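A structural walkthrough
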Amino acid sequence: MQNKINVGLVGFGMAGQVFHAPFISLVPGFNLKMIRETRPENVELANTRYPEAIIVDTTGAILSDENIDLVVLATPNTTHFQLAKEALLAGKHVLVDKPFTTTTAEADELIRLAQEKGKVLSVYQNRRWDSDFKTVSKLIDSGLLGNLVEYEAHFDRFRNFIKEDTWKEEAHPGSGILYDLGSHLIDQALYLFGIPQEVMGDVRIQRKGSEVIDNFDVVLHYAHLKVILKAGMLVKEPTPRYRLSGDQGSFVKYGLDIQEDALKAGLSPAGAANWGIEPEEIWGNINTSIKGLQVKGKIESERGDYTGLYQNLYKAIAGEEELNVKPEQARNTIRIIELAMQSSEEKRRIAFS
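Presented here is an overview of the structure given in this document.

Rules and cut-offs
- Residues numbered from 1 in each chain as written.
- Predicted model: local features only at pLDDT ≥ 70, side-chain atom pairs only at ≥ 80, totals over all residues.
- Heavy atoms only, no water.
- Pairing = 2+ DSSP bridges.
- Helix = DSSP H or I, 4+ residues; strand = E, 2+ residues; numbered from the N terminus.
- Contact = heavy atoms within 4.5 Å.
- Axes fitted to C-alpha atoms, helices over the stretch in contact; angles between N-to-C directions.
- Patch = residues over 30% accessible without salt bridge, like charges linked within 9 Å, V, L, I, M, F, W, Y side chains within 5 Å.
- Areas by Shrake-Rupley, 256 points an atom, 1.4 Å probe, with all protein chains shown as cover.
- Salt bridge = Lys/Arg side-chain N within 4 Å of Asp/Glu carboxyl O.
- Lys, Arg positive; Asp, Glu negative; His and termini not counted.
- Charge placed at Lys NZ, Arg CZ, Asp CG, Glu CD.
- Expected span 1.5 Å × (residues − 1).
- Buried < 20%, exposed > 50% of the residue type's maximum accessible area, 1.4 Å probe, protein only.
- 1 Å grid on protein atoms, 1.4 Å probe; cavity = no way out; pocket = protein on both sides within 12 Å on 5 of 7 lines; lining within 4 Å.
- Points joined across faces, edges and corners; volume = space filled by probe spheres on them.
- Nonpolar A, V, L, I, M, F, W, Y, C, P; charged D, E, K, R; others polar.
- Core = buried A, V, L, I, M, F, W, Y, C linked by side-chain atoms within 4.5 Å.

Description of the sheet that holds strand S15 (residues 350–351)
Spatially, nine strands are ordered S14-S13-S12-S11-S7-S10-S9-S8-S15 in an open sheet, and the strand pairing comes out mixed. Taken across any chain shown, the strands that pair with only one partner, and hence form the sheet edges, are strand S14 (293–299) and S15. Summarising the sheet, strand S7 (residues 148–154) and strand S11 (residues 242–246) pair through five bridges and their orientation is antiparallel. Within S11, the residue paired with leucine 148 across the bridge is glycine 246. Packed on one face of the sheet, helix H6 (residues 131–142) meets S7, S11, strand S12 (249–253), strand S13 (284–290) and S14 and runs near 5° to S11. Here helix H11 (residues 327–346) sits on the sheet and contacts strand S8 (198–204), strand S9 (215–221) and S15; the angle it forms with S8, its principal contact strand, is near 70°.

Put into structure tokens, the structure is as follows:
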């Protein structure tokens, strides 16, 4: 019989509703015991979907409850550091939504505190469990493209207006697309290739009236590999999600993992036989040479499932498995963001330090 880990979810906005609560409630061993939310419409939804959870209006109510083992933070970026610190000091394990923090100094302090308290600290880098990324990772490991020389990943959107009533469009530390979507692309690149030698960044505000960065082009330089990471809010015509080039062939993939849209539509991975399975029309295309044979066609996408992050987190807390998303990795993602912004300002490559 699995030990029960009681979870307190701080925040039941879009992130809490879509990316956290469904998976907490799905993983055996986790018990969604408390939800902190104050907006009436969100409180009503939380009561409807999770009637056994206790809805509270302060984070303190969760932190002071000795029965809560894990605190999940689905809150604005600027609150991550302080709330994670308070949770660790209260003796809780902590999962922070991405981005981990707004600075590496904050990340380093949380890592030290978690070690001192003997608690598990992790970051919600769920895009490692995207179907397309799992496919790309497996393809690179296979060596089918030969020696990889260039890797390009995009996370583009089209929204040519400023969304009202959201902290994401306000000029606070940690706001903007580089922290929001860049944290995913950078985490994926570091997971695949490790720390780069140099970072080059070009960050911009392109939308009229925007207060936050809404376009970036970050290049990570390795000894024999160039990694290009791009995202923008004014990209109406879809660009490749991934483009890989090796000395034997290439791979190009369009389309986003389908889980987010399914979750926003109110669907659940519970009992869904086709959860995370991409339609054939967005499978990636490969063109390569294998032992003298020319191979050209589609590669079926791996199955995506964000449940994997929470399953691993449970086992890590239970001492049964090594933690997949380590806080040190998330810290390096924040460092890349800082270096990219410095590079953009100084208009030069900067060595990783």
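Quick word on a negative patch on the surface
Taken together, the side chains of Glu164, Asp165, Glu170 and Glu211 present a region of like negative charge at the surface. Here glutamate 211 shows up in the loop between S8 and S9.

Let's talk about helix H5 (residues 104–117)
An ideal rise of 1.5 Å per residue puts 20 Å on 14 residues; H5 measures up with 20 Å between its terminal C-alpha atoms. Every buried residue belonging to H5 is among Thr104, Ala107, Leu110, Ile111, Leu113 and Ala114, and all of these are buried. In the stretch just after H5, glycine 118 is the one whose phi turns positive, near 70°.

Observations concerning helix H1 (residues 14–24)
With 10 of 11 residues buried, H1 lies mostly within the body of the structure. Those residues of H1 not exposed but buried are Ala15, Gly16, Gln17, Val18, Phe19, His20, Ala21, Pro22, Phe23 and Ile24.

Let's talk about the layout of surface pockets
Of the pockets and cavities examined, the largest pocket occupies roughly 1,100 Å³. As for the largest pocket, its lining consists of 46 residues, and the residues nearest its centre are Met14, Ala15, Thr166, Trp167 and Lys168. Contributions of two or more residues to the lining of the largest pocket are made by H1, helix H7 (177–180) and helix H9 (259–264). Tallying contributions element by element places H1 first for the lining of the largest pocket, with four residues. Across the lining of the largest pocket, the residue classes break down as 15 nonpolar, 13 polar and 18 charged.

Re the sheet that holds strand S4 (residues 70–73)
Within a sheet, adjacent strands bond to each other through the backbone by hydrogen bonds, running parallel or antiparallel. The strand order S3-S2-S1-S4-S5-S6 describes an open sheet built from six strands, whose pairing is parallel. Here the strands that pair on one side only, and so sit at the sheet edges, are strand S3 (54–56) and strand S6 (121–124). Each adjacent strand pair in this sheet contributes to an overall mean axis angle of 25°, direction not counted. Of the pairings in the sheet, the one linking strand S5 (residues 93–97) to S6 comprises four bridges and is parallel in character.

Here's the deal with the pairing of S12
Across a regular strand the side chains alternate sides, sitting on one face of the sheet and then on the other. Here S12 shows a buried face lined by Gly249, Phe251 and Lys253 and an unburied face lined by Ser250 and Val252. Where S11 lies against S12, four bridges are found, and the strand directions are antiparallel. Residue pairing in the sheet places arginine 243 in a bridge with valine 252 of S12. What sits between S11 and S12 in their antiparallel hairpin is a turn of two residues. Sheet analysis places S12 next to S13, joined by four bridges and oriented antiparallel. Within S13, the position partnered with phenylalanine 251 by the bridge is isoleucine 286.

Brief notes about the pattern of salt bridges
Scanning the entire structure with this criterion turns up 23 salt bridges. Across the salt bridge formed by arginine 241 and aspartate 132, the nearest N and O atoms sit 3.5 Å from each other. In this pair, arginine 241 is assigned in the loop between strand S10 (226–232) and S11 and aspartate 132 in helix H6, connecting sequence segments 109 residues apart. Each of the two residues, arginine 241 as well as aspartate 132, counts as buried. Of the charged contacts in the structure, one is a salt bridge between glutamate 322 and lysine 326, with a shortest N-O distance of 2.9 Å. For glutamate 322, a relative accessible area of 58% translates into the label exposed. Taking the relative accessible area as the measure of exposure, lysine 326 reaches 26% and is therefore partly exposed. Within this structure, Arg127, Asp130, Asp132, Arg241, Glu260 and Lys264 form a network of salt bridges that share partners.

A look at the nonpolar core
Grouped together as the largest cluster of nonpolar side chains are 99 residues, with contacts concentrated most on Phe30, Phe100, Tyr151, Leu229 and Tyr310. Once you skip the residues sitting within four places of it in the chain, leucine 229 turns out to touch Tyr151, Ala153, Leu185, Ile186, Ala189, Phe216, Asp217, Val218 and Leu220.

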